[in-house]
Every structure is written in C-alpha cells, then in structure tokens.
Amino acid sequence: MLKTRFDNYPKGKPFSTILGDLLGHGIFNVDGEKWKFQRKMASLELGSLSIRSYAFEIVTNEIEHRLVPLLDSFTSTRGTSTSVAVLDLQDVFRRFSFDNICRFSFGIDPGCLELSLPMSEFSVAFDLATKASAERALSLSPLIWKIKRMLNVGTEKKLKKAITMVDALASEVIRQKRKMGFSNHQDLLSRFMGTVDYDDKYLRDIVVSFLLAGRDTVASSLTSFFWLMSQHPEVEAAILNESTRVMGHSQELASFEQLQQMPYLQASTYECLRLFPPVQFDSKFAREDDILPDGTFVRKGTRVTYHAYAMGRMENLWGPDCLEFKPERWLKNGVFMPESPFKYTVFHAGQRVCLGKEMALVDMKIVALSLIRRFKIEIADPKWKPKFAPGLAASMKGGLPIVIRERTLSP
Ligand code: HEM
C-alpha cells in the first residue's frame, strides 16, 4: 500500500470530504498534482541540509526564553512548601510547539500577531476543529454529519464556529507575512507566497496544514516522552549520564553536533514514538482492485488502514518484550541502528513520508535534554494512568498533570 502500489492508494474522496472544511486543499488532504506541487515546495525547505541547525536555533531560543522561565515559575521550591502547583504539561507543549512551528514554517513569532482575541482562544478553536473533524469519521453514515452541517446544529455548529476562528488566525499570519515582505525570507510560507501569492484560500490551507503537522504531533511526542520518563527513572538517569559525558555540567547544548554524540537519547525518542506514535493510524482508499502481499483481496474503493500504534506493539515485529519501553533495542555496541520505515511506520513510509521528521526529532531531543537536566518532573497523582482523547493526533484526555522540582546536577 505504501511501497509498490502507491498510485493505487490515494487519500481518496471520503477523507478529503471529512477533512475538507478544516484542511481544504492543504498537503494532507490532496492527491495528484496539488500534492506534488506542495510536496516539492515543502521538500525544498524541509529537505535542505541546513534545516537541522535552523531548527536547533529556533528551538533553543524558544526553550531558553519561554519554556524554561515558565516551568521555573512552577517549581515547588518556590513559594510555600504546602502549595505545590500542578501544571498540565501537555498544554505547555502545545503552546511551545505552536510558537515553534510558526517561527519555523512561517518566520513569524505568534506573539507578534495582531489578533482580536487572546492566543489561547485560537488554540482552543484549533483543538475543537481537529477533534470535531476527526469525529465525523466515527459517524455511522456520512449522511448524518452532512445533514447536521446543512442544518448547522450540534458538533457541526461548533466545528463551523471553530473553523471561522482558525481562518482568522491563518489570515492574520498571511497578512503579517505580506506586511513584513517575503521575497528575502527562506521560511516555508515565503516560498509558497512567492508562487501562489494571489490565492489567499490556498495559502490559508497551507498555513493550517503546517500548523496541524507541527503543533499536535510534536506536543503529543513530548507529552508521551515525559510520561515515560516518570515511569522509567533508569532511562532518565541514563540520558542524564550520557548528556553529562558530552556537555559536562552545562545546562545548555553548545551545538547541534553535540546532539549527534548522544545515541541513547536518540534511541529513547525512537522507542517512545514506537509505543506512542502521535499519528496512530492512517488510511487510504483503493483506486482499483488489488491483492496484498499476504493474499488478501482488496476491492476497488475499500478503505485500507495501517495502524502504527498496533504495529509498534506487535510481538512478531518487535519480539516478546514488545510492550516494554527499552531504548537499548535500538542500539548495537552503543551505535544507533534505525529500522525500515515500513516496519516503524511512525513517520509514514514511501513517497508521502513525513517531511518534518528531522525537525521533530531535533525538537524532541533538545526539549528532553533541557528539561531533564534542569527539572525533576513527576506525575501529580501517582495513580494517574493515561487515556487517549479522540483527535487527528494522539492526545491525553485531561492533559498530563505534573509537579515540577528543580534538579541539581551532581558534580
Ligand atoms: C513527531 C512528530 C511527527 C510525526 C510522528 C509525524 C508523522 C507524520 C505522518 C504519519 C505523516 C503521514 C500523514 C498522512 O498520510 O496523512 C506525516 C506527513 C507529513 N508531515 Fe509529519 N510528523 C511529525 C512532525 C512533523 C513536523 C514538525 C512537520 C513540519 C515541520 C511535519 C510535516 C509533514 C508534512 C508536510 C507531511 C505530508 C507529507 C505528504 O503528504 O507528502 N511533520 N507526518
């Protein structure tokens, strides 16, 4: 489906209709020439050699100036010992990823947008729009949500309102970019504006797709990562040891190259995503009849899904310890060994493989290091267990409530 018969498995009409109101003709929701054009433009930006160091610069800046000061203000060593503040780490990571993706993809700091409402209201609208769009797929028949949309009632009414707000946010991003001038800028949106500046609706779809690609997936990865750290102090300790070997007692990474000297950290991020892939499953629709390699007949029009979450937990793929969180499985003599993307489908595989993988991994690793070396993060209620909420990217129902303490690195 992803490898040899790619052309037979487009996204297809059923999904493009379900997600059409939110994503329009953005890269996630189109096939054929429209997809090829956006893929080519985005690859020029995201596939460039300099992308990792560009991402490194943006992320370290965001961590130092926003993330760390925010978390610092919640550490329980401050204030009275009786009032330990509980913080939703998932929410913090959503804000952080939103800022990052805007700076990275659009060359804009969201703090500079002139919006009529606080940013948090747009964030709520964005969450609601993705959740309500995903719920359309759960309807017994598409007719149900289509009638609700026509009558403007129930979830469809809420979705329409949320999309109006998402539209306002995207328009402001585009307006701001025009105001700043885009011809000398190298960010993704500037590239697109250089080619389709006349088409505001198309630019809106591109902005929304990249917000979705970069915000929810990275926030989801980081949330799962810190949940796993809270359950596996031995892994956290090994990350600390490895990073101290490379960074000494400094809390800040000096360069992108230092990250490349930390295979255990790399293994831990891959292992986290194996067990908690942010995109849990992905479907396509067969254009023509087909036969899968195991002999299964697929009739034209059938929806075919691969399930990254289930595949990451299959014994025949990962062995009898498939349910355990073991970064060591990715290391051979201390060297990181990648797996085939067709086995490890977290970032998709084949021609539509994720374009933001490198950037997402750099993000994840820098945040992981920066926070682990500065803070001790614990789940607020030790009996708490994660449950997923419905949506386009995996998220934890009710967020990730944590308490946070300062960490002193032992000399
Ligand atoms: C851990 C974080 C991430 C994960 C797990 C992830 C995963 C995926 C997956 C599974 C797909 C295929 C989706 C589909 O078929 O509809 C995809 C596509 C894509 N991703 Fe990511 N992604 C991540 C982060 C990012 C980031 C940060 C960006 C942008 C900066 C990005 C940009 C894209 C784009 C543009 C596509 C569309 C590719 C195409 O259709 O040709 N991703 N990603």
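Note that this is a predicted model, so its numbers are computed, not measured.

**Here we look at the packing of aromatic side chains**
Then comes step 1: Within this structure, the stated rule accounts for 18 aromatic pairs.
Then comes step 2: With a centroid separation of 5.7 Å and 90 degrees between ring planes, the pair formed by Tyr 309 and Phe 388 is classed as edge-to-face. A residue pair is termed long-range when its members are at least 10 positions apart, and Tyr 309 in helix α13 (residues 308-311) and Phe 388 in strand β9 (residues 388-389) qualify at 79 residues.
Then comes step 3: Taking relative accessible area as the criterion, Tyr 309 reaches 22% and is therefore assigned partly exposed.
Then comes step 4: Of the aromatic side chains, those joined through ring pairs into one cluster are Tyr 270, Trp 318, Trp 330, Phe 336 and Tyr 344.
Then comes step 5: Sitting over the ring of Trp 318, Arg 274 keeps its end group 5.4 Å from the ring centre.
Then comes step 6: Positioned above the aromatic ring of Phe 276, the side-chain terminus of Arg 313 is 5.3 Å from the ring centre.

**Quick word on the coordination of the iron atom of the ligand**
Then comes step 1: No protein donor other than Cys 354 (SG) coordinates the iron atom of the ligand, and that contact is at 2.3 Å.
Then comes step 2: Relative to the helices and strands, Cys 354 is located in the loop between β7 (335-336) and α15 (357-374).

**With respect to the pattern of salt bridges**
Then comes step 1: This model, assessed by the stated rule, comprises 32 salt bridges.
Then comes step 2: Residue Arg 352 pairs with Asp 31 through a salt bridge whose shortest N-O separation is 3.1 Å. Residue Arg 352 is located in the loop between β7 and α15, and its partner Asp 31 is located in the loop between α1 (13-23) and α2 (32-46); the two are separated by 321 residues in the primary sequence.
Then comes step 3: Under the relative-accessibility criterion, Arg 352 is labelled buried at 11%.
Then comes step 4: A salt bridge links Glu 252 to Arg 374, with the nearest nitrogen and oxygen atoms 3.0 Å apart. Within this pair, whereas Glu 252 is found in the loop between α10 (233-247) and α11 (256-259), its partner Arg 374 is found in helix α15, the two being separated by 122 residues in sequence.

**A word on the UniProt feature "binding site: heme" (unreviewed entry) in the protein**
Then comes step 1: Under the feature "binding site: heme" (unreviewed entry), the UniProt entry names Cys 354.
Then comes step 2: We classify Cys 354 as partly exposed; its relative accessible area is 35%.
Then comes step 3: Ignoring anything within four residues of it in the chain, the contact list for Cys 354 reads Phe 347 and His 348.

**Structural notes on empty space enclosed by the protein**
Then comes step 1: Counting across every chain of the model gives 2 cavities of 30 Å³ or more.
Then comes step 2: Taken as a whole, the largest cavity encloses approximately 40 Å³ of empty space.
Then comes step 3: As for the largest cavity, its lining consists of Gln 90, Ser 220, Thr 223, Ser 224, Phe 388, Ala 394, Ser 395 and Met 396.
Then comes step 4: Counting residues per element, the ones that place at least two in the lining of the largest cavity are α9 (200-231) and β10 (395-396).
Then comes step 5: Element by element, the count of residues in the lining of the largest cavity is highest for α9, at 3 residues.
Then comes step 6: Taken together, the residues of the lining of the largest cavity break down into 3 nonpolar, 5 polar and no charged.
Then comes step 7: Taken together, the residues of the lining of the second largest cavity sort by class into 5 nonpolar, 2 polar and 2 charged.

**Quick notes on the pairing of strand β11 (residues 401-406)**
Note on strand geometry: in a regular strand, side chains alternate between the two faces of the sheet.
Then comes step 1: Where strand β1 (residues 87-88) lies against β11, 2 bridges are found, and the strand directions are antiparallel. Bridge pairing in β11 places Leu 87 opposite Ile 402.
Then comes step 2: Relative to β11, strand β8 (residues 375-379) runs antiparallel, the two sharing 5 bridges. Each residue of the ladder has a partner; that of Lys 376, found in β11, is Arg 405.

Calculation rules
Residues numbered from 1 in each chain as written. Predicted model: local features only at pLDDT ≥ 70, side-chain atom pairs only at ≥ 80, totals over all residues. Heavy atoms only, no water. Phe/Tyr/Trp six-rings, centres within 6.5 Å; stacked < 30°, edge-to-face > 60°. Helix = DSSP H or I, 4+ residues; strand = E, 2+ residues; numbered from the N terminus. Buried < 20%, exposed > 50% of the residue type's maximum accessible area, 1.4 Å probe, protein only. Lys NZ or Arg CZ within 6 Å of the ring centre and 35° of its normal. Donors = N, O, S within 2.8 Å, 3.2 Å for Na, K, Ca; no water. Salt bridge = Lys/Arg side-chain N within 4 Å of Asp/Glu carboxyl O. UniProt positions renumbered as here; feature names shortened; annotations may be inferred. Contact = heavy atoms within 4.5 Å. 1 Å grid on protein atoms, 1.4 Å probe; cavity = no way out; pocket = protein on both sides within 12 Å on 5 of 7 lines; lining within 4 Å. Points joined across faces, edges and corners; volume = space filled by probe spheres on them. Nonpolar A, V, L, I, M, F, W, Y, C, P; charged D, E, K, R; others polar. Pairing = 2+ DSSP bridges.

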